[in-house]
Amino acid sequence: NRGKKGLTHQEMMGSAEPDDELKGTKTSIVVRRLQDELPLARVVYVSATGASETEHFVYANRLGLWGPGAAFRDAATFSTEIKNGGTGAMELLAMQMKREGKYLVRSLSFKGASFDVEEMQMTNEQVEMWDKSAELWDVIIRVFTDAQERAKEGTTTLKRGIMSQVWGAHQRFFASLLMAVKVP
């Protein structure tokens, strides 16, 4: 009961339902029950991947992210509020957990690596594709902004969350387009 328990393969446990202890993968249910039945055991959560969704933390009830003395009442509130905060909230959570020693992220070493900055000229076709993409995204953003202004239902947090998703898609699109232009 007092021994150390190492819980690995977070990705297998990540499908937990924040608002229902009995929902989720079989693994996530067993992991939560194991922690409940062994309250004095020390637990170490280990994963080869970073946590990018709030569900990846739900099984990790010993992190103190919700409950008495925490910012969130329960796992469901934690999951909802962090999701509504978007990527920025997940990043702030990761920073706080790193500061508290609850989250360790492995970094790759660049020792011995070298980088060269090369300037390339875009072809006329690439410039036209970029400009048309920018025009399209201008329309998309205007449509979402107008729809939000007309919407009577929905909280400010929900509306911010939607725009966060739109801007995230915008950023990923142009990052992918830029990479595609660089690759011959």
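Residues numbered from 1 in each chain as written. Predicted model: local features only at pLDDT ≥ 70, side-chain atom pairs only at ≥ 80, totals over all residues. Heavy atoms only, no water.

1. Focus on the nonpolar core
Stage number 1. In terms of nonpolar packing, the biggest core is built from 18 residues, with F57, L65, F78 and M97 touching the most fellow members.
Stage number 2. Mapped by element, the contributors of at least two residues to this core are α3 (55-58) and α4 (75-99).
Stage number 3. If sequence neighbours within four positions are ignored, F78 has contacts with T54, F57, L65, W66, F72 and L93.
Stage number 4. Among the nonpolar cores identified, the runner-up in size contains 6 residues, and W137, M163, V166 and L177 belong to it. (Core = buried A, V, L, I, M, F, W, Y, C linked by side-chain atoms within 4.5 Å. Buried < 20%, exposed > 50% of the residue type's maximum accessible area, 1.4 Å probe, protein only. Helix = DSSP H or I, 4+ residues; strand = E, 2+ residues; numbered from the N terminus. Contact = heavy atoms within 4.5 Å.)

2. Some details on helix α2 (residues 26-37)
The periodicity of an α-helix, 3.6 residues per turn, causes residues three or four positions apart to be oriented the same way.
Stage number 1. Between its first and last C-alpha atoms α2 spans 16 Å; for 12 residues at 1.5 Å apiece the expected length is 16 Å, and the two agree.
Stage number 2. All buried positions along α2 are accounted for by S28, I29, V31, R32 and Q35. Projected down its long axis, α2 shows its buried positions confined to an angular sector of 165°, all on one face. What points out from α2, more than 90 degrees from its buried face, is the exposed set K26, V30 and E37. (Expected span 1.5 Å × (residues − 1). Arc of directions from axis to C-beta.)

3. Points about a nonpolar patch on the surface
Stage number 1. Residues M120, M122 and V127 make up a contiguous nonpolar surface patch of about 210 Å² in total accessible area.
Stage number 2. Turning to its location among the elements, V127 is positioned in helix α5 (residues 124-150).
Stage number 3. Residue V127 is classed as partly exposed on the basis of its relative accessible area of 35%. (Patch = residues over 30% accessible without salt bridge, like charges linked within 9 Å, V, L, I, M, F, W, Y side chains within 5 Å. Areas by Shrake-Rupley, 256 points an atom, 1.4 Å probe, with all protein chains shown as cover. Salt bridge = Lys/Arg side-chain N within 4 Å of Asp/Glu carboxyl O.)

4. A word on α4
Stage number 1. The terminal C-alpha atoms of α4, which comprises 25 residues, lie only 21 Å apart, well short of the 36 Å expected from a rise of 1.5 Å per residue.
Stage number 2. The sharpest bend along α4 reaches about 120° and sits at G86.
Stage number 3. Turning to α4, its buried residues number three or more, namely A75, T77, F78, S79, I82, G86, A89, M90, L93, A94 and M97.
Stage number 4. You can read the cap of α4 off the contacts: a side-chain oxygen lies 3.3 Å from the backbone nitrogen of A76, and it is on D74.
Stage number 5. G101 sits one or two positions beyond α4 and adopts a positive phi of about 75°. (Bend = angle between axes of the 7 residues up to and from the residue. Polar contact = N/O pair within 3.5 Å; in protein donor to acceptor, adjacent residues only side chain to side chain.)

5. Focus: the packing of aromatic side chains
Think of a pair of aromatic rings as described by two things: how far the centres are apart, and how the planes are tilted against each other in angle.
Stage number 1. As enumerated under the stated definition, the model contains 5 aromatic pairs in all.
Stage number 2. Relative to F78, the ring of W66 lies with its centre 5.3 Å away and its plane at 40°, an arrangement referred to as tilted. Of this pair, W66 sits in the loop between α3 and α4 while F78 is found in helix α4, placing the two residues 12 residues apart along the sequence.
Stage number 3. What makes W66 buried here is its relative accessible area of 16%.
Stage number 4. Centre to centre, the rings of F173 and F174 are 5.1 Å apart; their planes meet at 90°, and the pair counts as edge-to-face.
Stage number 5. Here the aromatic cluster, defined as three or more aromatic residues joined through ring pairs, consists of W130, W137, F173 and F174. (Phe/Tyr/Trp six-rings, centres within 6.5 Å; stacked < 30°, edge-to-face > 60°.)

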